[in-house]
Every structure is written in C-alpha cells, then in structure tokens.
Amino acid sequence: MSFESAGYQLLPVLPELVLAAGAMVLLMIGAYRGPQTTGLVTGLAVCLLVATGALELLLPAGKLTTFGGSFIVDDFARFLKILALVGSAATLILSTEFLADPGRRIFEYAILVLLSTLGMMVLISAGDLIMLYLGLELMSLALYVVAASNRDNAKSTEAGLKYFVLGALSSGMLLYGASLVYGFTGTVSFTGIAAAAKTGSIGIVFGLVFLLAGLCFKVSAVPFHMWTPDVYEGAPTPVTAFFASAPKVAALAVFTRVTLTAFPGIVSQWQQIVVFVAIASMVLGSFAAIGQKNIKRLMAYSSIGHMGFALVGLAAGTAEGAQGVLVYISIYVAMTLGSFAVILTMKRGGQHVENISDFAGLSRTNPLLAFFFAMLLFSLAGIPPLAGFFAKWYVFVAAIKAGLFTLAVVGVLASVVGAFYYLTIIKVMYFDEPLAELDPMRVELRAVLAVAGLFNIFFFVYPGPLVSVATAAAKSLF
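The structure contained in this document is the topic of the report that follows. Quick caveat: nothing in here was measured; it's all calculated off a predicted structure.

A word on helix α15 (residues 295–316)
Inference 1: Under the 1.5 Å per step criterion, the end-to-end length of α15 is 33 Å for 22 residues, consistent within 8% with the ideal 32 Å.
Inference 2: Measuring from the backbone nitrogen of Lys-296 back to the side-chain oxygen at the start of α15 gives 2.7 Å, which picks out Asn-294 as the cap.

Right under this line is the structure:
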C-alpha cells in the first residue's frame with residue numbers, strides 16, 4: 001500500500017487520532033509532573049477538544065468511509081461529533097472549581113473525559129457492530145471511573161460501582177443481541193444487515209430487541225433507567241453535568257444510526273419497541289420527578305423524560321423524525337449545561353447545597369441568576385417561545401406525520417405533568433422567603449450560563465442555521 005492510499009485511509013479518523021495522541025501526551029505530563037499540573041492539563045484538554053472539532057469541520061465534504069466501511073464520516077456524524085465535543089469542553093470548563101480544591105487535584109479527570117469523548121466519536125461514526133461495541137466500551141469505561149472520582153465520598157464510590165455493574169449487564173445484553181444479528185445475517189456491517197434483514201426472521205428480531213435494550217441503558221430510557229437517579233445524585237456535580245450532556249448525544253446518535261441504517265426493512269418491528277420505550281420514559285420521567293427534594297435527582301428524572309421525547313422523533317422512522325431528534329438533542333444539551341452551571345453555583349460558605357428548598361428567594365438575593373435559571377426551566381418544560389418548545393415541536397410534528405397520534409398525545413400530556421415540577425422550582429425562587437446569600441459566581445460558570453441561557457431565550461429569533469444543518473445531517477442517513 002502506498003503512502004498516499006494509507007493517508008487517505010486514515011484521513012476520516014484524523015480527528016480521533018489527534019484526540020487520542022493528545023490525551024496520551026497529557027497523561028505523560030500529569031504522570032511526570034504530579035497533581036499540581038491539574039489546572040494546566042484541564043486547560044490543554046479544552047484546547048485539544050476545540051482543535052479536534054476544527055479538524056472535524058475541515059475534513060472533505062460528503063461521505064467518507066474507512067476500515068472497510070466500518071467507520072463512516074457523513075453529515076450526521078459531523079453534526080453529532082461537534083455537539084459531543086461542545087458538551088465535553090463545557091463540562092471541563094464547569095469542572096475547574098471542583099478540580100481546584102487542594103484535596104481533589106486529579107489530573108486524570110480531564111484525560112478520562114477526553115478518552116470518553118474519543119469513544120463517543122468512534123460510536124457516532126460506527127458503521128458495523130464491532131466498531132459500535134469498541135466505541136461504546138471506550139466511552140463507558142472512562143465514565144465508570146469518573147463517576148467515582150470523588151474518592152473520599154461514599155456516595156460517589158457507590159455511584160461508580162452501581163454504574164459499572166449495571167453497565168456491564170447492559171453491555172452483555174448488547175453483545176448477545178449483536179451475536180444473534182450476526183448469526184442470522186452472516187455479517188456485522190450495517191449495510192449488509194440491512195440487505196439481509198428484509199425478511200424480518202424471528203432470530204433477527206430477537207437480536208434487535210437485545211441490541212436496543214443495551215442502547216436504552218446508555219440513553220437511560222425506561223425500563224433501563226434504574227441507575228440514573230442514584231448515579232446523578234452520588235457522582236460529583238460536574239460529572240453529573242457530563243453524564244447528562246455528551247454521552248447522551250453519542251448514545252442517541254448510535255440508536256438512530258442502527259435503527260435507520262441497519263434495520264430499515266423491519267421498521268414496524270423496531271418502531272413498536274421505540275414507541276413503548278418513548279411513552280414509558282416520558283411518563284416515568286414526568287411523574288417520578290414530582291416528589292424529589294434533591295435537584296440532581298430531579299435532573300435525573302428530567303433527563304429520562306427528555307430521552308423519551310427525543311425517541312418520539314426516532315419512532316417516526318422518517319428523515320423528518322431524524323431531523324427532530326438532532327434538533328432536540330442540540331437544544332437539550334444547551335438547556336442541561338446551563339442548568340448545571342446554576343446548580344454548581346449553589347454554594348453557601350464554601351459548601352455545596354443541592355436541595356430544591358435551597359433556591360428559596362433567589363430572585364431577591366440574585367435576580368439575574370434566578371431569571372436565567374427560570375428561563376432554562378421554562379425551556380425544559382417546553383414553554384413557547386423558548387428553545388425547548390421548538391425541540392418538542394419538531395419531534396411531535398414528525399410523529400403526527402408518521403401517523404403516531406397516540407404517541408404525540410401522550411407526549412403532550414407528559415409535558416404538562418413535567419411542567420409542574422419545573423414550575424415548583426420557579427415558585428420556590430420567586431415566592432419563598434430568601435435564605436442567606438450564595439457565594440459569588442465564578443467566571444467560567446457565568447460564561448457557560450450566559451451562552452446557554454441566551455441561546456435558549458433567543459433561539460426563536462433565528463432557528464434557521466441549526467434546523468438546516470440538522471436537516472442535511474438527517475438526510476445523509478437515508
């Protein structure tokens with residue numbers, strides 16, 4: 001093989017190679033210089049994520065494949081990789097205060113986030129079952145460790161262990177499903193499976209069920225959501241912000257790619273599964289959050305509900321549905337990162353407070369923070385004209401056009417129930433008697449909150465760019 005052809009073979013994976021090499025270099029810096037390099041490593045990690053995103057955008061346009069078609073870079077992959085990189089970079093920015101604590105100078109934290117992001121990028125570009133599994137495990141193994149990164153805290157250690165045990169179970173189910181699909185189709189590539197799976201034999205359907213069960217765990221959809229509230233509450237807050245943003249992007253991406261490109265011939269079979277999972281997630285996410293006192297547990301149930309809404313678009317099985325999923329996950333990432341910037345600000349006397357009652361009277365002690373948080377909560381509830389309303393609008397319209405009227409109606413009703421607990425927080429902030437003032441907000445938290453908040457408030461003014469990019473990305477799957 002000549003150098004030119006080898007270079008062309010590696011061109012589609014160039015951003016991933018740069019990210020992997022950069023993570024290794026940062027690991028060496030940290031290993032030789034010790035914990036005092038934590039700030040430097042974290043800063044360089046953010047720069048590395050930005051550089052990787054720039055490289056991704058500079059790749060030639062159109063569809064690129066390598067490794068015999070098992071790694072695909074198309075508009076769909078580009079869009080979601082940039083989103084995952086944004087989520088990871090924002091999380092590292094949100095983590096600076098957590099890592100600045102003398103007792104928690106863990107330089108490995110930023111490197112684990114980089115390696116997990118590398119796994120997400122591989123997962124988003126997966127063109128066959130083997131690449132899918134490689135990306136999934138690379139993403140997940142780093143997440144298990146990060147969940148337990150606050151080593152002196154029993155809850156954090158418990159969160160890491162729970163996530164690891166249940167994650168291993170879900171990986172086993174996914175592998176079993178993949179082996180069944182391979183056994184009945186004779187191929188691991190998505191295009192090969194699509195050609196062989198037109199018959200919809202019982203073996204292929206069984207394999208599909210197990211495959212989707214494994215993926216449901218990764219997006220924390222019902223009935224594989226059990227880990228979410230405990231892990232969200234137990235993990236350090238910046239880690240929870242990471243769990244709620246970038247990995248969700250990658251998991252939804254692979255969910256969409258697998259169903260639409262590997263099983264387009266048996267839509268009716270997987271559509272039933274996705275409809276059930278979407279309804280169960282929306283309903284449970286809406287009702288279970290009502291009784292929560294801890295804001296992180298509430299955000300966990302909120303994320304379960306939002307994954308249900310995103311899957312409404314996928315259930316449609318159309319290009320318009322896929323576009324709805326992409327718009328939804330983009331807006332969801334912005335809403336979540338903004339909300340977690342506020343949750344990380346909740347400190348009194350240097351101690352983090354996590355109960356909803358701790359937001360009491362925030363509008364009087366810090367009116368601007370209360371306003372931004374209220375706007376983000378209204379957006380999460382889907383109140384027009386905020387970005388969250390448009391996110392739901394796109395997935396519901398796609399479902400109605402596909403004839404899934406019951407799904408759309410259940411979704412709207414679940415939104416109404418979900419609005420109750422978001423409004424409860426707003427009521428606490430604006431109508432309860434104020435508590436002591438919060439510690440001053442750090443600059444990096446202000447920056448993330450400002451970007452996410454303004455995006456949410458002013459999205460309706462100019463939604464064109466995001467929607468048109470999402471449309472092109474969705475069409476590249478069909």
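We are not done yet, so read on.
Describing the pattern of salt bridges
Inference 1: The final tally for this structure, using the stated rule, is 15 salt bridges.
Inference 2: Here Asp-75 makes a salt bridge to Arg-78, at a shortest N to O gap of 3.3 Å. You can see Asp-75 and its partner Arg-78 sitting in helix α4 (residues 75–94), 3 residues apart, about one turn around the helix.
Inference 3: Residue classification places Asp-75 among the partly exposed positions, given a relative accessible area of 33%.
Inference 4: Arg-78 gets classed as buried once you look at its relative accessible area, which sits at 10%.
Inference 5: A salt bridge links Lys-162 to Asp-230, with the nearest nitrogen and oxygen atoms 2.9 Å apart. One end of the pair, Lys-162, is in helix α8 (residues 154–185); the other, Asp-230, is in helix α11 (residues 227–234), and 68 residues separate them in sequence.
Inference 6: For Asp-230, a relative accessible area of 27% corresponds to the partly exposed category.
Inference 7: A single salt-bridge network, built from bridges that share partners, covers Lys-155, Glu-158, Lys-162, Asp-230, Glu-233 and Arg-297.

Examining the nonpolar core
Inference 1: Leu-80 and Phe-263 are the most contacted members of the largest nonpolar core, which has 177 residues in total.
Inference 2: Residue contributions to this core peak at 16 residues, all from helix α16 (residues 319–345).
Inference 3: With residues near it in sequence (within four places) discarded, Leu-80 still touches Ile-124, Val-249, Ala-253, Leu-326 and Ile-329.

A look at helix α19 (residues 387–401)
Inference 1: With 15 residues, α19 extends 22 Å between its outermost C-alpha atoms, agreeing within 8% with the 21 Å of an ideal straight helix rising 1.5 Å per residue.
Inference 2: Along α19, the positions that sit buried rather than exposed are Ala-387, Gly-388, Phe-390, Ala-391, Lys-392, Tyr-394, Val-395, Phe-396, Ala-398 and Ala-399.
Inference 3: Buried residues in α19 make contact with α15, α16, α18 (367–381), α20 (405–431), α21 (443–458) and α22 (464–475).
Inference 4: Once α19 ends, the next one or two residues include Gly-403, with phi positive near 85 degrees.

Observations concerning the packing of aromatic side chains
Inference 1: This structure, assessed with the given rule, holds 17 aromatic pairs.
Inference 2: Note on Tyr-163 and Phe-243: the rings are 5.2 Å apart at their centroids and 65 degrees apart in plane angle, and the pair reads as edge-to-face. With Tyr-163 in helix α8 and Phe-243 in helix α12 (residues 237–244), this pair connects stretches of sequence that are 80 residues apart. Taken as a pair, Tyr-163 and Phe-243 share a single burial class, namely buried.
Inference 3: One aromatic cluster is present, formed by Tyr-144, Tyr-163, Phe-164, Phe-217, Trp-227 and Phe-243 through successive ring pairs.
Inference 4: Across the ring face of Phe-309, the terminal group of Lys-392 is positioned such that the distance to the ring centre comes to 4.4 Å.

Here's the deal with the packing of α4 against α22
Inference 1: Contact geometry of α4 with α22 gives a least axis separation of 7 Å together with a crossing angle of 135 degrees. Here α4 lies oblique to α22, going by the angle between them. Residues Asp-75, Phe-76 and Phe-79 of α4 pack against Leu-466, Val-469, Ala-470, Ala-472 and Ala-473 of α22.

Let's talk about the environment of Ala-473
Inference 1: Among the secondary structure elements, Ala-473 is positioned in helix α22.
Inference 2: According to the relative accessible area criterion, Ala-473 is buried, its value standing at 1%.
Inference 3: Sequence-wise, Ala-473 and Asp-74 are 399 residues apart; in three dimensions their C-alpha atoms are separated by 7.6 Å.
Inference 4: Apart from residues no more than four positions distant in its own chain, Ala-473 is found in contact with Asp-75, Phe-76, Phe-79 and Leu-326.

Some points on the side chain of Ser-286
Inference 1: With respect to the helices and strands, Ser-286 occurs in helix α14 (residues 267–288).
Inference 2: A relative accessible area of 3% places Ser-286 in the buried class.
Inference 3: Side-chain polar atoms of Ser-286 contact the backbone oxygen of Met-282, separated by 2.8 Å.
Inference 4: Leave out the neighbours within four places in its chain, and Ser-286 touches Ala-414, Val-417, Gly-418 and Tyr-421.

Thoughts on the packing of α16 against α18
Inference 1: Where α16 meets α18, the axes come as close as 10 Å, and the angle between the chain directions of the two elements is 145 degrees. Viewed along their axes, α16 and α18 form a crossing whose handedness is left-handed. Within the contact between the two elements, α16 uses Ala-334, Met-335, Gly-338, Ser-339, Val-342 and Thr-345 and α18 uses Leu-369, Phe-373, Leu-376, Ser-379 and Leu-380.
Inference 2: Counted by class, the contact of α16 with α18 contains 7 nonpolar, 4 polar and no charged residues.

What counts and what doesn't
- Residues numbered from 1 in each chain as written.
- Predicted model: local features only at pLDDT ≥ 70, side-chain atom pairs only at ≥ 80, totals over all residues.
- Heavy atoms only, no water.
- Helix = DSSP H or I, 4+ residues; strand = E, 2+ residues; numbered from the N terminus.
- Expected span 1.5 Å × (residues − 1).
- Polar contact = N/O pair within 3.5 Å; in protein donor to acceptor, adjacent residues only side chain to side chain.
- Salt bridge = Lys/Arg side-chain N within 4 Å of Asp/Glu carboxyl O.
- Buried < 20%, exposed > 50% of the residue type's maximum accessible area, 1.4 Å probe, protein only.
- Core = buried A, V, L, I, M, F, W, Y, C linked by side-chain atoms within 4.5 Å.
- Contact = heavy atoms within 4.5 Å.
- Phe/Tyr/Trp six-rings, centres within 6.5 Å; stacked < 30°, edge-to-face > 60°.
- Lys NZ or Arg CZ within 6 Å of the ring centre and 35° of its normal.
- Axes fitted to C-alpha atoms, helices over the stretch in contact; angles between N-to-C directions.
- Parallel < 35°, antiparallel > 145°, perpendicular 65-115°, else oblique.
- Left-handed = near helix turned anticlockwise from the far one by under 90°.
- Nonpolar A, V, L, I, M, F, W, Y, C, P; charged D, E, K, R; others polar.

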